[in-house]
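A closer look at the structure
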Amino acid sequence: MARAGSAATKGVQSIATTPKQLMDRINRELYKRNAELIARNKTLALLRSLDEVSLSITETVTMTQRMADAIAAQLGYDMVAIAIFDEKCVCLRWIALSSPLEWVSSVIKDAKVKNVEIPLSSNAAPIRALNTKETLFVENSEEIFPEEFSQQLMKAALEHKHPLIQNTLVQPLRYSDSALGLLVLSSSRSLKHLSKYEEETIVGIIGLISLAYYKAKIYEDLQETSAQLAAANKQLKDLDKAKSEFLSIASHQLYTPLTALRGYISMLQEGDFGQMTDQQKSILDILSKSALRLIELIKNLLDISRIESGRLELNLESADIVNMARELVQDLLPNAHTKKLGLEFHAPAETMPHAVVDQQRVRQVMLNFIDNAIKYTPSGRIDVFVEKEGDEIIFRVTDTGKGITEEEVTKLFNKFARVGGASRFHTEGTGLGLYVAKQIVTEHRGDVKAQSLGTGKGSTFTMKIPVEGTAKSLKVGEKATVVIKAAEA
Amino acid sequence: MDIKNELVRKIIKEQEAIIGPLAWEQAEKVTGLRVNIATKEVTLEGDSKQVLESLVTQYEHLFGPASREVCRDAVRSLLSQVPPEEIPAILK
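The shown structure was predicted, so the numbers you read here are calculated from the model rather than taken from an experiment.

Section: the overall build of chain B
- The helix and strand inventory of chain B stands at four helices and two strands.
- Helices (α) and strands (β) of chain B occur, in sequence order from the N terminus, as α-α-β-β-α-α.
- Within the span of chain B, comprising 92 residues, buried residues form 48% of the whole.
- If you take every contact in chain B between residues at least 6 apart in sequence, the share linking residues at least 24 apart comes to 58%.
- Within the structure as shown, chain B displays about 4,400 Å² of accessible surface, and the carbon and sulfur contribution to it stands at 50%.

Below you can see the structure in the form of structure tokens.
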């Protein structure tokens, strides 16, 4: 009975202690996990504050200084420093230093450590850390910082009866394969064996600082490039303005005497100064054509000059495009027949509405299309059409001429563009007509297009103008000026 | 004496972050510590090395080795300002 009783007591005692032991274990486990959570929370809080700095400040030096200040305040290191790789001097430069200790802050403020450059070619400890991409432990701060600064720190530590800040942890800052710089943590205690929390925190902040600095650097570079582009753009605009003004003055200077020249040639041809011989008539004919070509060239140059300076105003009226085209073809028939080319106007089957246009300028475009067709057609014919398509009037010139390649078509309406092989047919032309034509038609809210099946297969030039009264059409009396859009200039 | 008070205060504050007001209640039980729970003030009296050791042991008794690590982390940055012979082994 006694033995049974003793066993029973022991059993009761086992049952009594087990819950307490279990509770102890639970408590300790909970404590441990809670402690981890608190540590992680602190890390997150620091990372959050560093992230806020990186988002609110884009200037690299200020941003890194504020980051160094946050790390120094929250992690309890005696000094935090950030050095950055400078591409201009191919060296490391200290750009941020911070300390929670007042006497260290004074030393930092007075020292010229931020002006010191460490050439990449040197074998100094910071350069070794940058190149090896590995963490470096140093127990003598003179290996890391400039000698003068280290000695000032040492002197101040002795004055304030503080242990020497000799222990330094050097961590490379990297983004992808680029070496950005170093994060340096200094303390009077040994930094060789860090707690798990410290290690995790340092890994986190290195990543964040590297990314933040990389982004800030890109932003700064972009700002610098933008400023350079703006300066270059201004210079180009000034040059362009000077060129336009020169163009205008030069054209006027040439235009007046040429007009007089042509006038007198005409008078000679008409016999105002006596009958000419056949030979003289032939010579005068050549002179007249040459003078006319020069006058056309100068007119085009003047138009461009006016367009580029925003002075080519349109005189808008309701116009019969069909009649304009018919009259123009009649005027140019002699030119076509001289080259033994057929030139025919195809009237539309239906009655065509009017368009609101500057008649002089649109006639200039039509003339340009037909004239070009005559120039670039060695044999065959040219057909001129006027049709209606939806809310637009289409003026079309088709020829059996030398054609245009796909590549040339894309550049045809650019300034000074000419189709290749033009010299083969001894064609005149400055390459300005189509460029001016495009500007004029565009200002009328229309469009121009060139099409061709290729070299030797003829071409088609089309001008589209909105019908009067439609949504796109200009209005009679409305003010319109032909200008160059920046993207086309 | 100020740095020693600071060490004690940091340990208790760090424990408070994990276990709450219980940290102050446990500190009150340590001989050599005068604790005002209401104002959360603490003054160290007597042998500081002994008192620090007792405080850390008090927590370790309840929550095991993890709590000792917490105490060490709490004062790590301040230890360099204390003469080595005055730092208890439990905090080194």
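Now that the structure has been shown, the text picks up again.
Side note on the overall build of chain A
- Of regular secondary structure, chain A possesses 11 helices and 15 strands.
- Within chain A, the proportion of its 489 residues that are buried is 41%.
- For chain A, long-range pairs separated by at least 24 residues make up 69% of all intrachain contacts whose partners lie at least 6 apart in sequence.
- Element-wise, carbon and sulfur atoms account for 54% of the exposed surface of chain A, whose accessible area totals about 27,300 Å².

A word on the packing of helix α9 (residues 359-375) of chain A against helix α11 (residues 433-443) of chain A
Residue and element names in this part refer to chain A.
- Two elements in contact, α9 and α11, have axes whose closest approach is 9 Å; the angle formed by their N-to-C orientations is 145°. When the axes of α9 and α11 are compared, the crossing they make is left-handed. Residues Arg-361, Gln-364, Val-365, Asn-368, Phe-369 and Asn-372 of α9 form the contact with α11, whose participating residues are Gly-433, Leu-434, Val-436, Ala-437, Ile-440 and Val-441.

Quick word on the confidence of the model for chain A
Residue and element names in this part refer to chain A.
- Summary statistics for chain A give a mean pLDDT of 84 and a share of 91% for residues scoring 70 or more.
- Across residues 1-16, where pLDDT falls below 50, the model places zero contacts with residues more than four positions away in sequence or in other chains.
- Here residues 421-428 is a poorly scored stretch, pLDDT under 50, and it has 12 contacts once near neighbours within four places are set aside; other chains count.

Let's talk about the sheet that holds strand β2 (residues 91-98) of chain A
Residue and element names in this part refer to chain A.
- Strand order in the open sheet formed by six strands is β3-β2-β1-β6-β5-β4, with antiparallel pairing between adjacent strands. Two strands lie at the open edges of the sheet, namely β3 (117-119) and β4 (136-138), each paired on one side alone. Going across the sheet, the axis of each strand differs from the next one's by a mean of 25°, ignoring polarity.
- One ladder, built from three bridges, connects β2 with β3; its direction is antiparallel. Across the sheet, the residue bridging to Leu-92 is Ile-118, located in β3.
- Those strands touched by helix α4 (residues 125-132) are β2, β3, β4, β5 (167-175) and β6 (178-187), and its axis lies near 130° from that of β6.

Some points on a nonpolar patch on the surface
- On the surface, a nonpolar cluster with roughly 380 Å² of combined accessible area is contributed by Leu-22, Met-23, Ile-26 and Leu-30 of chain A.
- Look at Ile-26 of chain A and you get partly exposed, because its relative accessible area is 39%.

What about the side chain of Ser-141 of chain A?
Residue and element names in this part refer to chain A.
- Here Ser-141 shows up in the loop between β4 and α5 (147-159).
- Residue class for Ser-141 comes out buried when judged on its relative accessible area of 3%.
- Apart from the residues lying within four places of it in its own chain, the contact partners of Ser-141 are Ser-150, Ile-165, Gln-166 and Thr-168.

Comments concerning helix α6 (residues 196-269) of chain A
- In this model, α6 of chain A (74 residues) spans 105 Å end to end at C-alpha, consistent with the 110 Å of a helix rising 1.5 Å per residue.
- Of the residues trailing α6 of chain A, Gly-271 of chain A is marked for its positive phi of about 80°.

Some thoughts on the sheet that holds strand β14 (residues 459-466) of chain A
All names here are of chain A.
- The five strands lie next to each other as β9-β11-β12-β14-β13, forming an open sheet whose pairing is mixed. The sheet is open, and its two borders are formed by β9 (342-346) and β13 (447-452), each paired with just one other strand. Sheet twist, expressed as the mean angle between neighbouring strand axes with direction ignored, is 15°.
- Note that strand β12 (residues 392-399) and β14 share eight bridges and pair antiparallel.

Comments concerning the pattern of salt bridges
Residue and element names in this part refer to chain A.
- Summed over all chains, the structure comprises 23 salt bridges over all chains.
- Two residues, Lys-234 and Asp-238, come together in a salt bridge whose shortest N-O distance is 3.1 Å. With Lys-234 and Asp-238 both in helix α6 and four residues apart, this pair spans about one turn of that helix.
- Here Lys-234 falls in the exposed class, since its relative accessible area comes to 52%.

Topic: the interface of chain B and chain A
- With 19 residues of chain B at the interface, the matching set in chain A holds 15 residues.
- With both chains or domains summed, chain B and chain A bury close to 1,400 Å², and 57% of this area falls on carbon and sulfur atoms.
- Our count for the contact surface shared by chain B and chain A stands at four residue pairs in polar contact (both at pLDDT 80 or more).
- Contributions of two or more residues to the side of chain B that touches chain A are made by α1 (2-19), α3 (48-63) and α4 (65-75) of chain B.

Digging into the nonpolar core
- Ranked by internal contacts, the top residues of the largest apolar core, which has 55 residues, are Leu-343, Met-366, Phe-369, Ile-370, Val-386, Phe-395 and Met-463 of chain A.
- Of the residues forming this core, the biggest block, nine residues, is contributed by helix α8 (residues 321-338) of chain A.

Quick notes on α4 of chain A
- Inspection of α4 of chain A places Ala-125, Pro-126, Ile-127, Ala-129 and Leu-130 of chain A among the buried residues, and these make up the whole buried set.
- Following α4 of chain A by one or two positions, Lys-133 of chain A has its phi on the positive side, about 65°.

Concerning unusual backbone geometry
Residue and element names in this part refer to chain A.
- Phi is positive for Lys-340, close to 60°, though the residue is something other than glycine.
- Mapped onto the fold, Lys-340 is located in the loop between α8 and β9.
- Of note, Arg-445 is a non-glycine position whose phi angle comes to about 65°, a positive value.
- Checked against the element boundaries, Arg-445 lands in the loop between α11 and β13.

Let's talk about the packing of α3 of chain B against α4 of chain B
All names here are of chain B.
- Running from N to C, α3 and α4 point in directions that differ by 145°, and their axes come no closer than 7 Å. Between α3, through Val-56, Tyr-59, Glu-60 and Phe-63, and α4, the contact on the second element is made entirely by Pro-65, Ala-66, Ser-67, Arg-68 and Cys-71.
- Residues of the contact of α3 with α4, tallied by class, amount to six nonpolar, one polar and two charged.

A closer look at the state of the cysteines
All names here are of chain A.
- Per the stated rule, a full pass over the model turns up one disulfide over all chains.
- Here Cys-89 connects covalently by a disulfide to Cys-91, the sulfurs 1.8 Å from one another. Between Cys-89 and Cys-91 the disulfide shows an S-S torsion of about -55°. By sign, it is left-handed.

A look at the packing of aromatic side chains
Residues and elements named next belong to chain A.
- Scanning the model with the defined rule gives seven aromatic pairs over all chains in all.
- Pairing Trp-94 with Phe-145 gives two aromatic rings, centres 5.0 Å apart and planes at 40°, and the pair type is tilted. With a gap of 51 residues between them, Trp-94 in strand β2 and Phe-145 in the loop between β4 and α5 connect regions that are remote in the sequence.
- Looking at Trp-94, the relative accessible area reads 1%, which means it is buried.
- Relative to Phe-149, the ring of Phe-145 lies with its centre 5.6 Å away and its plane at 70°, an arrangement referred to as edge-to-face. For the pair Phe-145 and Phe-149, a shared accessibility class is recorded, and that class is buried.

Reading the values: the criteria
Residues numbered from 1 in each chain as written. Chains lettered and ligands numbered in written order. Predicted model: local features only at pLDDT ≥ 70, side-chain atom pairs only at ≥ 80, totals over all residues. Heavy atoms only, no water. Helix = DSSP H or I, 4+ residues; strand = E, 2+ residues; numbered from the N terminus. Buried < 20%, exposed > 50% of the residue type's maximum accessible area, 1.4 Å probe, protein only. Contact = heavy atoms within 4.5 Å. Areas by Shrake-Rupley, 256 points an atom, 1.4 Å probe, with all protein chains shown as cover. Axes fitted to C-alpha atoms, helices over the stretch in contact; angles between N-to-C directions. Left-handed = near helix turned anticlockwise from the far one by under 90°. pLDDT = per-residue confidence, 0-100. Pairing = 2+ DSSP bridges. Patch = residues over 30% accessible without salt bridge, like charges linked within 9 Å, V, L, I, M, F, W, Y side chains within 5 Å. Salt bridge = Lys/Arg side-chain N within 4 Å of Asp/Glu carboxyl O. Expected span 1.5 Å × (residues − 1). Buried area = accessible area lost by both parts, 1.4 Å probe. Polar contact = N/O pair within 3.5 Å; in protein donor to acceptor, adjacent residues only side chain to side chain. Core = buried A, V, L, I, M, F, W, Y, C linked by side-chain atoms within 4.5 Å. Nonpolar A, V, L, I, M, F, W, Y, C, P; charged D, E, K, R; others polar. Disulfide = S-S within 2.5 Å. Phe/Tyr/Trp six-rings, centres within 6.5 Å; stacked < 30°, edge-to-face > 60°.

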